[in-house]
Amino acid sequence: MKRWRWLVIGVLGLSMHSQAQTPRYYALEVLIFSRPNLVSLQDEAWPSEAPAAPMSLNLVSAARSGYDNLVLLPARRRTLSDAAYQIRMRMNGSVLFHERWIHPLTPNQATNPWLRVEGEGRDGGRLSGFLRWSIDRFIEVDADLRLAFTDPLTQEQRVFQITEFRKLSSKDIHYLDHPAFGMIIQADPIEGPDG
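Reading guide: rules and limits
- Residues numbered from 1 in each chain as written.
- Predicted model: local features only at pLDDT ≥ 70, side-chain atom pairs only at ≥ 80, totals over all residues.
- Heavy atoms only, no water.
- Helix = DSSP H or I, 4+ residues; strand = E, 2+ residues; numbered from the N terminus.
- Buried < 20%, exposed > 50% of the residue type's maximum accessible area, 1.4 Å probe, protein only.
- Contact = heavy atoms within 4.5 Å.
- Areas by Shrake-Rupley, 256 points an atom, 1.4 Å probe, with all protein chains shown as cover.
- Pairing = 2+ DSSP bridges.
- Axes fitted to C-alpha atoms, helices over the stretch in contact; angles between N-to-C directions.
- Phe/Tyr/Trp six-rings, centres within 6.5 Å; stacked < 30°, edge-to-face > 60°.
- Core = buried A, V, L, I, M, F, W, Y, C linked by side-chain atoms within 4.5 Å.
- Salt bridge = Lys/Arg side-chain N within 4 Å of Asp/Glu carboxyl O.

Give a detailed account of the overall build of the protein, specifying residues and quantitative values.
Helix and strand content of the protein: 3 helices and 10 strands. Along its sequence from the N terminus, the protein presents helices and strands in the succession α-β-β-α-β-α-β-β-β-β-β-β-β. For the protein, the residues scored as buried account for 43% of the 195 residues in total. For the protein, restricting intrachain contacts to residue pairs at least 6 apart in sequence, the fraction spanning at least 24 positions comes to 64%. Put simply, the protein shows about 11,200 Å² of open surface, and 52% of that area lies on carbon and sulfur atoms.

This is the structure:
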């Protein structure tokens, strides 16, 4: 009888462990944009030396190749397209990066890969950064983003930075803010890898 009890406890333990590691699928959308008049933000700039980049994968390339069940969604499935339009037309800003993809989120953020995002704005600003996603009770994103801009008058390079860890609830729109640029995030739960 004791053997059966230990067998049942072992099976339940494995079952709970596998449920904890089972990915939860989300359609993630990220819109990163720069504001106009970056030259006037001289006091907000960081030194131009960037720290060493973490081991990372290019987000778009990884999703196109199906790495780790990432799936890049077509532009027509983006839900923040109106926001991107408003940023370009009303705010005169530049959209640096805008993608929507299916992402199987797992716990333990430290073991999840950094995904690299890159882009260039019409004002010459160059985005380079990293995002790392996980899920516990809430969706978690670790963001390390830099916007490099060359001042046309002085030819001096300025670097603006957002480094933030944020817990997000799904179905809400979230915003990471900086005077020079921002990131809008939307996460929608989906049934499985096919969305």
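There is more to say after this.
If you had to explain the sheet that holds strand E4 (residues 94-105) to someone new, which residues and values would you point to?
Whenever strands of a sheet pair, they do so through backbone hydrogen bonds, lying parallel or antiparallel. What the 5 strands build is an open sheet, ordered E3-E4-E1-E10-E9; its pairing is antiparallel. Edge positions in the open sheet fall to strand E3 (71-72) and strand E9 (173-177), since each of these has one partner strand only. Summarising the sheet, strand E1 (residues 24-34) and strand E10 (residues 181-189) pair through 9 bridges and their orientation is antiparallel. Paired with Ala27 across the bridge in E10 is Asp188. Contacts between helix H3 (residues 81-89) and the sheet are confined to E1, E4 and E10, with E4 contributing the most and set at about 165 degrees to the helix.

Could you give me a rundown of the sheet that holds strand E6 (residues 126-135), with the residues and numbers involved?
Pairing in this open sheet of 5 strands is mixed, and the strands run E2-E5-E6-E7-E8 from one edge to the other. The open sheet is flanked by strand E2 (56-58) and strand E8 (157-168), the only strands paired with a single partner. Direction aside, neighbouring strands of the sheet carry axes that sit 20 degrees apart on average. Alignment of strand E7 (residues 139-150) against E8, held across 12 bridges, turns out to be antiparallel. Across the sheet, Ile139 pairs through a bridge with Leu168, a residue of E8.

For the packing of aromatic side chains, give the residues involved together with the corresponding values.
Throughout the structure, instances matching the rule amount to 3 aromatic pairs. Measuring from ring centre to ring centre gives 6.5 Å for Trp114 and Phe130, while their planes differ by 85 degrees; the resulting arrangement is edge-to-face. Taken together, the positions of Trp114 in strand E5 (residues 114-120) and Phe130 in strand E6 put the pair 16 residues apart, joining distant regions of the chain.

Report on the nonpolar core, specifying residues and quantitative values.
Residues Ile32, Leu131, Trp133, Leu145, Phe181 and Met183 are the most contacted members of the largest nonpolar core, which totals 35 residues. Elements supplying a minimum of two residues to this core: E1, helix H2 (59-65), E4, E5, E6, E7, E8 and E10. At 6 residues, E7 tops the list of elements feeding residues into this core. Leu31, Phe33, Ala84 and Ile87 belong to the second largest nonpolar core, which has 6 residues in total.

An account of the environment of Pro179 is requested, with residue identities and associated values reported.
Along the chain, the position of Pro179 falls in the loop between E9 and E10. Linking Pro179 and Arg35, residues 144 residues apart in sequence, is a C-alpha distance of 7.6 Å.

Outline the pattern of salt bridges, supporting the account with residue identities and numerical values.
This model, assessed by the stated rule, comprises 10 salt bridges. The network of salt bridges with shared partners includes Glu29, Arg100 and Asp188.

So what about unusual backbone geometry? Which residues, and what values?
Phi angles above zero are rare outside glycine, and Asn92 is one such case at about 60 degrees. Following the sequence through the fold, Asn92 ends up in the loop between H3 and E4. Backbone geometry at Lys171 places phi at a positive 70 degrees, although glycine is not the residue there. Residue placement: Lys171 occurs in the loop between E8 and E9. Among the residues examined, Lys171 registers a relative accessible area of 61% and is labelled exposed.

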